[in-house]
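# Structure assessment
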Amino acid sequence: MNAAGIKWDECCDVLVIGSGAGGMTAALRAHDLGLNALLIEKSGEYGGTSAVSGGGIWIPNNHRINALGGSDSAAEAIAYIRAVTHGEIDDGRIEAYVEHGREMVEYLEKHTRVRFEAQPRYADYYPEVAGGKPGYRSMDPQPFDAAELGEEFLRMRAPSPGTLMMGRMAMTMKEAQVLLCRGPGWLRLTLRVMWRYWRDREGRRLSRRDRYLTLGNALIGALRCSLQDRGKSLWLNCALEELLLVGDRVGGARVNRNGQLLNVKARYGVIVAAGGFERNQAMREQYLPQPSRANWSATPPNNTGDGIRAGQAIGARTALMEHSWWAPTTYVKGEEKQRALFVERTLPGCVMVNAAGERFVNEAAPYTDIVYAMYANNREGAASVPCWMVFDAEFRRKYPCGALLPGYAQRDWQLPEHLRDYFHKASSLEELATKIGVDAGGLLRTVQRFNGMAVKGVDEDFHKGDSLFDRYYGDPNVQPNPCLAPLLKGPFYAVRIDAGDIGTKGGLLTDVHARVLHEDGEPITGLYAIGNSAASMMGRTYPGAGSTIGPAMTFGYLAANHIKRQSETASAKTLFGSVE
């Protein structure tokens, strides 16, 4: 809508739409550059998808690598991204990201409460590809004490239950890895995590939530506290309605704040950081492969593509709309979003099968690849959307699976009522196949063949456990392959797997400054997009853990930098006139 002559209800230099890690980084950087930034959030809780994520960022050639004994270079990182994206992204954004990602992290660590720790053993998702690394590029946020936030903590979006011990107590990624397979010191660590939680008596009076923040909550907590240090407020329950044009530039936005329509003027720029469209069923049906359901997503329910649709309404170009940050997910009764299976399928003693009872993918592959394989192999008589994760009693005893704690910690008869129908259980594979509608003969043949390969430790069909990435979440106590063990002991179990996601990756097409491009290829003055509101510079793939949040934060930082330069140009023109 063209806003000529409109009455403005609020005015700022930069309007940031969305309170995930990218939006908060953009707001912080804009403020520190001397700009008045207003941050708004559609829901009643801040943090967006970042808050329920692992919180990691993938930053090649980061400043921690050398001290940890690793090595990296911009050239290696660029070559790696180009290889795994198959040359699809060739507009300078890859180079911009690699060049400025490290700069963004160093800025945050110097000027805010955010701290990161590089992970030496967390490999890139395709470490065998030229330029890939066995670790170091993924950086996790260090834990953050929510007591620093005061009551603002209670307005942060809570972490996913699957990332908490017993659904309540926070763990770091490294702690979770020890507990997963009961590694050395696991019992002592369990007691330490429990004591850490219960000793916070003041926190228990406020809420049952853990104030020792880890993963995405730690990142969002540190960013929000940094904004509080600067006196920056955050408007909750404030949804984008439309972008407002002033002449040929975006001059602000119409928003709905607590049911009241307001026109917010943005003197120098609007940054759309409002997430993807994965919770919009109509957009899923329009763009994504089918079948596709909004309730299969592992993201908050507010990600309905508002920013993308607002950009389209003023002529913005989009790209990659048929792709998502795919992840296999499972439904848990009573929860607002499905749970992504990031780890469980990597562990030894399980297979994923289609309706014909056949394996069709390396179960330990990167989660995006799992869902791509689900769609690629989905056919009549052998549907793989949905598919099934099948495991035996030994797997059930030793490992978690989605909403299920390991059997040693919670036996089947101890499960709460809402988890009784989370899985199917049978004394034999034939009976299990009948219960889940899978071809019994196919399942028996698949398990028989798989068991033979598991004993040898070599998956001749799909190479599970061959990659260094596969083995990261394998069980080191199982040899010769930490990702392979036979399914021998009944009862047998099956959990339904949906073609879920942790966000869509198609969105508004942007340039190296995060400026949104018009259908004619030219930048739309005053409009920027980052995160899942923008088409990913990672193409259709997923180079490493943190490839969503890392670019969101980096391009938020770059957007603020560009807006500052534009504001100085505008000021110069106001003072001295336009110079041709």
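I will try to describe carefully the structure that is included in this document. Just so we're clear, the structure is a prediction, and the values are computed from it rather than from any experiment. (Residues numbered from 1 in each chain as written. Predicted model: local features only at pLDDT ≥ 70, side-chain atom pairs only at ≥ 80, totals over all residues. Heavy atoms only, no water.)

### Things to note about the pairing of strand β20 (residues 492-504)
Let me state the cut-off plainly: Type-normalised accessible area, obtained with a 1.4 Å probe on protein chains alone, sets the label of each residue: buried when under 20%, exposed when over 50%, and partly exposed for intermediate values. Numbering of helices and strands runs from the N terminus; a helix is a DSSP stretch of H or I covering at least four residues, while a strand is a stretch of E covering at least two. Paired strands, in this sense, are two strands between which DSSP finds at least two bridges.
Burial analysis of β20 places 12 of its 13 residues in the buried class, the great majority of the element. The pairing of strand β18 (residues 387-391) with β20 spans 5 bridges and is antiparallel. Note on β20: the bridge partner recorded for Phe391 is Tyr493. Relative to β20, strand β19 (residues 424-426) runs antiparallel, the two being bridged by 3 bridges. Directly across from Ala426, in β20, lies its bridge partner Phe492.

### Description of empty space enclosed by the protein
Let me state the cut-off plainly: The method works on a 1 Å grid over the protein atoms by themselves. A cavity is a set of points holding a 1.4 Å probe that cannot get out, a pocket is an open set with protein on both sides within 12 Å along at least five of seven lines, and residues with an atom within 4 Å of a point line them. Grid points are joined across faces, edges and corners, and a volume is the space filled by probe spheres set on the points.
Under the defined criterion, the tally for this structure stands at 1 cavity of 30 Å³ or more. Taken as a whole, the largest cavity spans an internal volume of roughly 160 Å³. Forming the walls of the largest cavity are 17 residues, and the residues nearest its centre are Gly531, Ala535, Ser536, Met537 and Pro551. Among the elements that take part in the lining of the largest cavity, helix α16 (residues 549-576) stands out by supplying 3 residues, more than any other.

### Some remarks on the packing of helix α1 (residues 21-32) against helix α8 (residues 215-229)
Applied cut-off: Only the stretch in contact is used when a helix axis is fitted, and all axes are lines through C-alpha atoms; the angle between N-to-C directions ranges over 0 to 180 degrees. Oblique is the label for every angle not falling under 35 degrees (roughly parallel), over 145 degrees (roughly antiparallel), or within 65 to 115 degrees (roughly perpendicular). Crossings are sorted by hand: turned counterclockwise from the far helix by less than a right angle, the near helix makes the crossing left-handed, and turned clockwise it makes it right-handed. We call two residues in contact when some of their heavy atoms are within 4.5 Å. Gly is put with the polar residues, along with every residue not named as nonpolar or charged; the nonpolar set is Ala, Val, Leu, Ile, Met, Phe, Trp, Tyr, Cys and Pro, and the charged set is Asp, Glu, Lys and Arg.
Interhelical geometry of α1 versus α8 gives an angle of 25° and a closest axis separation of 10 Å. When the interaxial angle is binned, α1 and α8 end up roughly parallel. Regarding α1 and α8, the two cross each other, and that crossing is left-handed. Of α8, the residues touching α1 (which contributes Ala21, Met24, Thr25, Ala27 and Leu28) are Leu219, Ile220, Leu223, Arg224, Ser226 and Leu227. In the contact of α1 with α8, the residues fall into 8 nonpolar, 2 polar and 1 charged.

### Comments concerning the packing of aromatic side chains
Where we set the bar: Whether two aromatic rings pair depends on their centres lying within 6.5 Å, for rings of Phe, Tyr and Trp, where Trp uses its six-membered ring; planes under 30 degrees apart make the pair stacked, over 60 edge-to-face, and the rest tilted. Counting as a charge over the ring demands two things of the Lys NZ or Arg CZ atom: a distance within 6 Å of the ring centre and an angle within 35 degrees of the ring normal.
On inspection of all chains with the given rule, the structure shows 21 aromatic pairs. On the basis of an interplanar angle of 55° and a centroid distance of 5.5 Å, the ring pair of Trp326 and Tyr375 is categorised as tilted. On the criterion of sequence distance, the pair formed by Trp326 in strand β15 (residues 324-330) and Tyr375 in helix α11 (residues 367-376) is long-range, its members being 49 residues apart. The class for Trp326 is buried, based on a relative accessible area of 0%. Among the residues examined, Tyr375 registers a relative accessible area of 13% and is labelled buried. Between the NZ or CZ atom of Arg29 and the centre of the ring of Tyr107, over which it lies, the distance is 4.8 Å. Stacked on the ring of Trp325, the Lys or Arg Lys505 has its end atom at 3.9 Å from the ring centre.

### What about the environment of Leu429?
Structurally, Leu429 can be placed in helix α13 (residues 429-436). Sequence separation between Leu429 and Val390 is 39 residues; the distance between their C-alpha atoms is 9.2 Å. Those residues in contact with Leu429 that lie beyond four places of it in its chain are Val390, Leu443, Leu444, Val447 and Phe492.

### Here we look at the side chain of Arg254
Stated precisely, the cut-off is as follows: Between N or O atoms, a polar contact is any pair within 3.5 Å; within protein, one atom must be a potential hydrogen donor and the other a potential acceptor, and residues adjacent in sequence are included only when both atoms are from side chains.
Residue placement: Arg254 occurs in strand β12 (residues 249-257). For Arg254, a relative accessible area of 18% corresponds to the buried category. Within polar-contact distance, the side chain of Arg254 engages the side chain of Asn263 at 2.8 Å.

### Digging into the environment of Leu517
Its location among the elements puts Leu517 in strand β22 (residues 515-517). Expressed as a C-alpha distance, the spacing of Leu517 and Cys238, which sit 279 residues apart in the sequence, is 25 Å. If near-sequence neighbours (up to four positions away) are discounted, Leu517 is found in contact with Ala316, Arg317, Leu509, Thr510, Asp511, Glu522, Pro523 and Ile524.

### Some words on the sheet that holds strand β3 (residues 57-58)
Pairing in this open sheet of 3 strands is antiparallel, and the strands run β3-β5-β4 from one edge to the other. Unpaired on one side and paired on the other, β3 and β4 (116-118) mark the two borders of the sheet. As paired strands, β3 and strand β5 (residues 138-141) are joined by 2 bridges and run antiparallel to one another. Considered in β5, the bridge of Ile57 is made with Met139.

### A look at helix α4 (residues 93-111)
Definition in use: Any helix carries an expected span of 1.5 Å times its number of residues minus one. The bend reported for a residue corresponds to the angle between axes fitted to the seven residues ending at that residue and the seven starting there.
Taking 1.5 Å of rise per residue, the 19 residues of α4 would be expected to cover 27 Å, and the 25 Å separating its terminal C-alpha atoms lies within 8% of that figure. Along its length, α4 shows its largest kink, about 35°, at His100. The complete set of buried residues in α4 reads Arg93, Ile94, Ala96, Tyr97, Val98, His100, Gly101, Met104, Val105, Tyr107, Leu108 and Glu109.

### Section: the side chain of Thr190
Secondary-structure assignment places Thr190 in helix α6 (residues 186-198). Dropping the residues within four chain positions of it, Thr190 is found in contact with Met165 and Leu179.

### Observations concerning the pattern of salt bridges
Put simply, the rule is: Here, a salt bridge means any Lys or Arg side-chain nitrogen found within 4 Å of an Asp or Glu carboxyl oxygen.
With the rule as written, the count across this model stands at 41 salt bridges. In this structure, Glu45 engages Arg157 in a salt bridge whose closest nitrogen and oxygen atoms are separated by 3.3 Å. Of this pair, Glu45 sits in the loop between β2 (37-40) and α2 (48-51) while Arg157 sits in the loop between β6 (144-145) and β7 (164-165); the two residues are 112 residues apart in sequence, bridging distant segments of the chain. Across the pair Lys174 and Glu117 runs a salt bridge whose closest N-O atoms are separated by 3.0 Å. Of the two residues, Lys174 is situated in helix α5 (residues 173-180) and Glu117 in strand β4; the sequence distance between them amounts to 57 residues. Relative accessible area serves as the criterion here: at 31%, Glu117 is assigned to the partly exposed category. When salt bridges with common partners are traced through the structure, they connect Glu45, Arg157, Glu336 and Lys337 into a single cluster.

### Describing unusual backbone geometry
With an omega dihedral of 0°, the bond running from Gln290 to Pro291 counts as a cis peptide bond. Inspection of the secondary structure puts Pro291 in the loop between α9 (281-287) and α10 (306-313). Omega for the peptide link from Gly490 to Pro491 comes to 5°, which places this bond in the cis form. Assignment of secondary structure puts Pro491 in the loop between α15 (468-472) and β20. Even without being glycine, Arg182 reaches a positive phi, approximately 50°. Inspection of the secondary structure puts Arg182 in the loop between α5 and α6.

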